[in-house]
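Survey of secondary and tertiary structure
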Amino acid sequence: MADIAHLEEPSEPVAGSPAKQSAQSAISMGRVLIDRLTPDTSILLSFGFVLFVIALGVSVFLEENLVRLGWSLLLSNTNIQAPTGLALTLLIGTLATNRLRRPRRCRKPPANDEMNRAVEILATQPNASAGLVRLGDKKLLFSDCGNAFIMYAQQGRSWVALFDPIGPGSAWSGLTLKFMEHARKSGCRAVFYQVSPDFLPLTVESGLKPYKLGEQAVVDLTNFDLKGGTRIRLRRAVNRAVRDGLEFSMIEADDVPAALDELRSVSRAWLTAQNATEKGFSLGTFQPQYVATGPVGVIRIEGKIVAFANVLSTGSAGDACIDLMRHLPNAHQGMMVLLFVRIMEHLRAAGFRTLNLGMAPLAGLSTHSKAPLWNHVGERIFQNGERFYNFRGVRLFKDKFDPEWQPRYIAVSGRGLPIVSLVDVTMLIGGGLKGILRR
């Protein structure tokens, strides 16, 4: 064992021997080689920065431009069917969005003092649909002067503001820029949904890109009646409903709590028949405290409520808006026509000037040869998207009341088509993917 141990021990080179000199030379050469192969810190940082820019550029390209390519193919003379192309495009846009980092969430509802401030501002402005702030599902951003606000919610990388800023026009510009800056600091894009033509000058000033979203139906109550040959079909539908025993009444806000149980029963039956879930954001939901904030028009058959619609209004009694519209299935074919007509007559008698019937999404998009690509995309969705939304049916129903069709827009920051932003808005309104699939 001692001999073996002795043989395994390496022999120590003598100082100045050739073996030692060879070892030192090898070490020196190795150090030189490592120094040459290893870049300095500045090169490493530069290389890392380039990789980061490339990765970010690829993500942005996918999100903002690949959907444009997909729709260009869809609208060309290819064999891609519209529903398939739509599904593929939305999927690509959604996946591309998920490639970017997850931003901070902002779903915390507004505090009581913020809501009280917003309600005070509501009474001083003309947009009745702004009463949707009472749902409490949106955050609030106030102007520096405190007399205007933006209500918004976050979905994905989008901060989605609903409607024009609420308050005097003098506060819009500063509030819009403030909102965009807050969104940018949170790693999100700013999106303005259902804005009016009055907001369009701000899109130029703020670097936003507007796209026509559809048209909003507004009835001039001062000229509304059932007389004349142009209203003969509407008049016949109303007379038939009355003859069949349908009765209208307006339940004032103070009396709504007593009727909430019956209204809730109608709402649940409607959701079940539609295989739908409660929506939100730009659409009202059946929350007792929300429904009871204003009057509710109802249709009864033999004393039982079969249909209702709640009415939002402004403090100036100028503009009103119909929000929730629900009915029992198969109760009577003409009940909703009667409900709308009687609400209009009631509001006109109360001194209101206009009634907002809400949006007809993607309606009224021009598709001539010079029209933007987005218009052609929207027209295809309007014609082929009935599985997800009754686009044409909504337009036809509201047309019965001879409204003025006013354009509404979506304005987004960044470049490319607003498909990704619209996916985020749709998810907000539908309550997620499950809600969308259930209509």
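Data block above holds the structure.
Below: a short report on this structure. (Residues numbered from 1 in each chain as written. Predicted model: local features only at pLDDT ≥ 70, side-chain atom pairs only at ≥ 80, totals over all residues. Heavy atoms only, no water.)

Some remarks on the pairing of strand β1 (residues 139-142)
Within a regular beta strand, the side chains point alternately toward one face of the sheet and then the other, so they alternate between its two faces. One ladder, built from four bridges, connects β1 with strand β2 (residues 149-155); its direction is antiparallel. Among the inter-strand pairings, Phe142 is bridged to a residue of β2, identified as Phe149. Hairpin connection, β1 to β2: the antiparallel pair is bridged by six residues, and Gly146 has positive phi, about 85°. (Pairing = 2+ DSSP bridges. Helix = DSSP H or I, 4+ residues; strand = E, 2+ residues; numbered from the N terminus.)

Some remarks on the pattern of salt bridges
The full count for this structure, using the stated rule, is eleven salt bridges. Between Asp402 and Arg231 there is a salt bridge, and its shortest N-O distance comes to 3.7 Å. A residue pair is termed long-range when its members are at least 10 positions apart, and Asp402 in the loop between α13 (391-399) and β11 (404-412) and Arg231 in the loop between β5 (209-220) and α8 (232-243) qualify at 171 residues. By relative accessible area, Asp402 is classed as exposed at 54%. Judged by relative accessible area, Arg231 falls into the buried class, the value being 9%. Here the salt bridges do not stand alone but share partners, grouping Lys212, Glu215, Arg395 and Asp399 into one network. (Salt bridge = Lys/Arg side-chain N within 4 Å of Asp/Glu carboxyl O. Buried < 20%, exposed > 50% of the residue type's maximum accessible area, 1.4 Å probe, protein only.)

Overview of the packing of α8 against helix α11 (residues 335-349)
Orientation of α8 relative to α11, taken along the N-to-C sense of each, is 105°, at an axis distance of 9 Å. Taken together, the axes of α8 and α11 are roughly perpendicular relative to one another. Here Leu234, Ala237, Val238, Ala241 and Val242 of α8 lie close against α11, whose contacting residues are Val337, Leu338, Val341 and Arg342. Partitioned by chemical class, the residues of the contact of α8 with α11 number eight nonpolar, no polar and one charged. (Axes fitted to C-alpha atoms, helices over the stretch in contact; angles between N-to-C directions. Parallel < 35°, antiparallel > 145°, perpendicular 65-115°, else oblique. Contact = heavy atoms within 4.5 Å. Nonpolar A, V, L, I, M, F, W, Y, C, P; charged D, E, K, R; others polar.)

Notes on α11
Working note: α-helix, 3.6 residues per turn, so residues spaced by three or four point in the same direction. Taking 1.5 Å per residue, 15 residues should reach 21 Å; α11 reaches 21 Å between its end C-alpha atoms and fits that length. Following α11 by one or two positions, Gly351 has its phi on the positive side, about 100°. (Expected span 1.5 Å × (residues − 1).)

So, the nonpolar core
With 91 residues, the main nonpolar core has Phe149 and Leu263 as its most contacted residues. Considering every element that reaches this core, the biggest residue donor is α11, with ten residues. Contact partners of Leu263, with chain neighbours within four places excluded, come to Val256, Phe286, Val291, Val296, Val298, Ile305 and Phe308. Of all hydrophobic cores here, the second largest spans 21 residues; its members include Ala190, Phe192, Leu202 and Leu208. (Core = buried A, V, L, I, M, F, W, Y, C linked by side-chain atoms within 4.5 Å.)

Notes on the sheet that holds β1
As summarised here, the arrangement of the eleven strands in space is β1-β2-β3-β4-β11-β5-β10-β9-β8-β7-β6, forming an open sheet in which the pairing is mixed. Of all strands in the sheet, those with a lone pairing partner are β1 and β6 (246-251), marking the two edges. In this sheet, adjacent strand axes meet at a mean angle of 30° when their direction is disregarded. Bridging between β5 and strand β10 (residues 354-361) involves seven bridges; their strand directions are antiparallel. Each bridged residue has a counterpart across the sheet, and for Glu215 the counterpart in β10 is Ala360. Helix-sheet contacts for helix α6 (residues 172-185) involve β1, β2, β3 (158-162) and β4 (189-195), and the interaxial angle to β4 is about 135°.

Concerning α6
Helix length check: α6, at 14 residues, gives a terminal C-alpha distance of 20 Å against a target of 20 Å (1.5 Å per residue), a fit within 8%. Within α6 the residues assigned to the buried category are Trp172, Leu175, Thr176, Phe179, Met180 and Ala183. Taken end-on, α6 shows its buried residues confined to a sector of 135°, consistent with a single buried face. α6 presents Arg184 and Lys185 as exposed residues on the side facing more than 90 degrees away from its buried surface. On its buried side, α6 packs onto β1, β2, β3, β4 and α7 (200-206). (Arc of directions from axis to C-beta.)

What about the side chain of Ser143?
Mapped onto the elements of the fold, Ser143 is located in the loop between β1 and β2. You can call Ser143 buried: its relative accessible area is 8%. Within the local environment of Ser143, its side chain forms a polar contact with the backbone nitrogen of Asn147, the two atoms lying 3.5 Å apart. If we skip the residues at most four places from it in the chain, Ser143 touches Ala148, Ala171, Leu175 and Lys178. (Polar contact = N/O pair within 3.5 Å; in protein donor to acceptor, adjacent residues only side chain to side chain.)

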